[in-house]
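Chain by chain, the residues:
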Amino acid sequence: MSETFTMTLDGKAVSGESRFGVVNPATGEVFAEAPDCSKTQLDSAMDAAQRAFASWKKDESKRRQALVECANALKTRAAEVAQVLTQEQGKPLAKAMEETIGGVVWFQVTAGLQIPVDVITETPDLRVEVRRKPYGVVGAITPWNFPLLLAIWKIAPALLAGNTIVLKPSPFTPLSTLKLGEILRDVLPAGVVNTISGGDQLGAWVSDHPAVRKISFTGSVATGKKIAIAAAPDLKRVTLELGGNDPAIVLDDVDPKEVAQKLFWGAFENCGQVCSAIKRLYVAESVYPAIVSEIAALAKSVKVGNGLEQGTQLGPINNRPQFQRVRELVEDARQHGAKFVAGGSPAGDGGYFFEPTIVTEVAEGVRIVDEEQFGPALPIMPFRRVEDAIERANATHFGLSGSVWSRDAVRASEIASQLECGTAWVNQHLAIRPDAPFGGCKWSGIGYENGPYGLAAFTELQTLNVAKG
Ligand code: NAD
């Protein structure tokens with residue numbers, strides 16, 4: 001165990017009073033430790049964020065410049081960050097680098113967003129305008145699938161809007177966020193970004209803390225609901241980016257070979273651990289056999305392995321509980337008579353590897369279809385009438401994203417617009433952009449991240465109504 005990871009509190013490196021182990025999912029072994037933030041340390045992080053807010057909120061152009069400097073600082077140390085990310089998360093190193101550079105881009109694009117002032121009326125006697133003001137201290141809580149990028153989705157707009165932030169990553173992947181804190185320490189005034197690490201209890205303390213005015217959370221539906229409850233007594237504002245069970249609907253006019261590759265990666269990117277990955281695939285009967293066999297062939301040929309090894313395309317599942325969950329859903333499908341045209345079992349010894357798994361002969365009512373599997377196992381189901389596919393796609397509490405695939409983009413767009421979800425794609429999936437809002441309908445969330453709408457989520461309105469006298 002070599003590198004020492006520290007939290008960033010009030011611009012300083014802080015160790016925990018105790019520490020916890022972080023497991024490399026490719027080996028199943030602890031490879032580093034993270035500080036376990038105490039309640040007292042959390043209080044000092046909140047104090048620091050509150051103190052920093054007083055001056056940070058004042059100068060918008062300084063904040064804009066600071067985000068550009070954050071981008072540059074992260075870019076300079078991208079290789080180091082990506083290495084840690086692969087070790088704690090499991091994803092291939094090239095993908096960890098993509099995530100890190102994605103973070104750089106998110107800082108840059110956010111730095112260019114405007115904080116608008118809307119003039120409602122302007123007469124010789126009266127001016128009424130609407131301004132956007134920061135909340136104060138943002139409590140941010142993130143999951144383990146894209147720990148670095150999702151942290152930056154919060155940090156960049158929160159800071160541009162004039163807030164300060166206390167950020168708690170998942171206990172499964174705290175290290176890349178702690179490293180980001182370390183990098184930003186040299187760029188930002190003390191207290192503006194505080195990174196702390198610990199378990200779920202620390203998340204509960206953050207959402208309960210009186211200094212926090214806004215909670216920005218990404219994670220599961222179950223935790224999102226707990227946070228909404230914790231926020232209520234203090235009327236803290238919340239943005240909740242929660243789970244999904246994304247449908248993709250493939251129409252009868254596609255070229256199976258052409259779309260299979262995109263569908264496969266829409267489902268298996270990051271080993272299926274993407275909130276908006278394809279988690280249910282509905283395919284028109286006439287092309288169903290061809291699509292199943294193309295996707296199964298890809299599942300069998302993809303290289304699964306340690307993310308640090310060259311050529312690895314899919315890493316392990318990130319952690320033991322999630323590995324067990326995927327295993328359980330696959331077993332449940334087996335017991336319900338499902339057929340596995342690829343995979344179906346854990347892979348390798350040591351680490352949380354699972355074969356890329358394609359499941360057929362399942363339908364609604366079986367857990368792998370009804371629940372979010374969040375792993376490398378995809379059910380593919382045929383449909384006869386497109387109206388039925390739309391109905392089945394929408395018959396869920398989830399509503400994060402969805403996609404429709406066809407040679408006829410107009411027909412596909414019309415069908416996509418009937419999906420009950422925050423993002424509807426046509427002939428693509430997972431095309432998430434820094435300039436477009438991303439968020440969920442129904443249980444998939446409240447509010448939006450990214451672009452002008454995401455920035456707005458870190459502000460509240462003030463109507464300034466001036467009688468010019
Ligand atoms: P999780 O809800 O278990 O944990 C997320 C974070 O919440 C962690 O930091 C955890 O420590 C913290 N936490 C746990 N209990 C808490 C509590 N009571 N109060 C406050 N914080 C608490 O989720 P996960 O397993 O880390 O992530 C996977 C889930 O995240 C999936 O459902 C996935 O779809 C979702 N996700 C959503 C998006 C999105 O943008 N909509 C993006 C990525 C992941």
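Residues numbered from 1 in each chain as written. Predicted model: local features only at pLDDT ≥ 70, side-chain atom pairs only at ≥ 80, totals over all residues. Heavy atoms only, no water.

Caption draft 1: Main features of the site of the ligand. Looking at the ligand, there are 30 residues lining it, with Asp 200, Ser 220, Thr 223, Leu 242 and Glu 372 nearest. Here Gly 219 contributes a backbone N or O atom positioned 3.2 Å from an oxygen atom of the ligand. Here a nitrogen atom of the ligand and a backbone polar atom of Leu 242 are 2.7 Å apart. If the ligand stood free it would expose 850 Å²; the protein chains cover 90% of that surface. (Near = heavy atom within 4 Å. Polar contact = N/O pair within 3.5 Å; in protein donor to acceptor, adjacent residues only side chain to side chain. Areas by Shrake-Rupley, 256 points an atom, 1.4 Å probe, with all protein chains shown as cover.)

Caption draft 2: Spatial organisation of the domain arrangement of the protein. Taken domain by domain, the protein holds domain 1 (7-241) and domain 2 (246-433). Distance between the C-alpha centres of domain 1 and domain 2: 31 Å. Each partner contributes to the interface: domain 1 provides 23 residues, whereas domain 2 provides 26 residues. Here domain 1 and domain 2 share an interface that buries about 1800 Å² over both sides, 62% of which is from carbon and sulfur atoms. For the domain 1 face of the interface with domain 2, the top three residues by lost area are Pro 25, Ala 26 and Trp 144, together amounting to 27%. The tally of links between domain 1 and domain 2 comes to one salt bridge. Between Glu 269 and Lys 95 there is a salt bridge, and its shortest N-O distance comes to 3.3 Å. Summed over the shared surface of domain 1 and domain 2, the result is nine residue pairs in polar contact (both at pLDDT 80 or more). Of all the elements in the fold, those that place two or more residues in the side of domain 1 that touches domain 2 are α3 (78-89) and α4 (93-111). Residues of the side of domain 1 that touches domain 2, tallied by class, amount to eleven nonpolar, nine polar and three charged. (Domains from an automatic or database assignment. Contact = heavy atoms within 4.5 Å. Buried area = accessible area lost by both parts, 1.4 Å probe. Salt bridge = Lys/Arg side-chain N within 4 Å of Asp/Glu carboxyl O. Helix = DSSP H or I, 4+ residues; strand = E, 2+ residues; numbered from the N terminus. Nonpolar A, V, L, I, M, F, W, Y, C, P; charged D, E, K, R; others polar.)

Caption draft 3: Inspection of a nonpolar patch on the surface at higher detail. Together, Met 97, Ile 101 and Val 105 make up a nonpolar patch on the protein surface, roughly 190 Å² of accessible area in all. Along the chain, Ile 101 turns up in helix α4. The class of Ile 101 is partly exposed, set by a relative accessible area of 32%. (Patch = residues over 30% accessible without salt bridge, like charges linked within 9 Å, V, L, I, M, F, W, Y side chains within 5 Å. Buried < 20%, exposed > 50% of the residue type's maximum accessible area, 1.4 Å probe, protein only.)

Caption draft 4: Quick peek at the packing of aromatic side chains. Counted under the stated rule, the structure contains seven aromatic pairs. Between the aromatic rings of Phe 264 and Trp 265, the centroid separation amounts to 5.1 Å while the plane-to-plane angle is 85°, which identifies the pairing as edge-to-face. We classify Phe 264 as buried; its relative accessible area is 0%. Judged by its relative accessible area of 22%, Trp 265 falls in the partly exposed class. Here the aromatic rings of Phe 323 and Phe 354 are separated by 6.3 Å at their centres, their planes lie at 75°, and the arrangement is edge-to-face. Residue Phe 323 is found in helix α11 (residues 320-335), and its partner Phe 354 is found in the loop between β14 (339-342) and β15 (357-360); the two are separated by 31 residues along the sequence. An identical accessibility class is assigned to Phe 323 and Phe 354; each is buried. Put simply, the rings of Trp 106, Trp 153 and Phe 438 pair up and form one aromatic cluster. The ring of Phe 458 has Lys 214 lying over it, and the distance from NZ or CZ to the ring centre is 5.6 Å. Above the face of the Trp 443 ring, Lys 225 is positioned so that its terminal group lies 3.3 Å from the ring centre. (Phe/Tyr/Trp six-rings, centres within 6.5 Å; stacked < 30°, edge-to-face > 60°. Lys NZ or Arg CZ within 6 Å of the ring centre and 35° of its normal.)

Caption draft 5: Fine view of the sheet that holds strand β5 (residues 118-122). Read across the open sheet, the three strands follow the order β5-β6-β20; overall the sheet is antiparallel. Strands at the two margins of the open sheet, each flanked by one partner only, are β5 and β20 (459-467). Across the sheet, the mean angle from the axis of one strand to that of its neighbour is 20°, orientation sign disregarded. Note that strand β6 (residues 126-134) and β20 share nine bridges and pair antiparallel. The residue bridging Arg 127 from the neighbouring strand is Val 466, located in β20. (Pairing = 2+ DSSP bridges. Axes fitted to C-alpha atoms, helices over the stretch in contact; angles between N-to-C directions.)

Caption draft 6: Up close: the environment of Val 341. Within the secondary structure layout, Val 341 lies in strand β14. Once the C-alpha coordinates of Val 341 and Thr 360 are considered, the two residues, 19 residues apart in sequence, prove to be 7.1 Å apart. Contact partners of Val 341, with chain neighbours within four places excluded, come to Val 292, Ala 296, Lys 300, Ile 358 and Thr 360.

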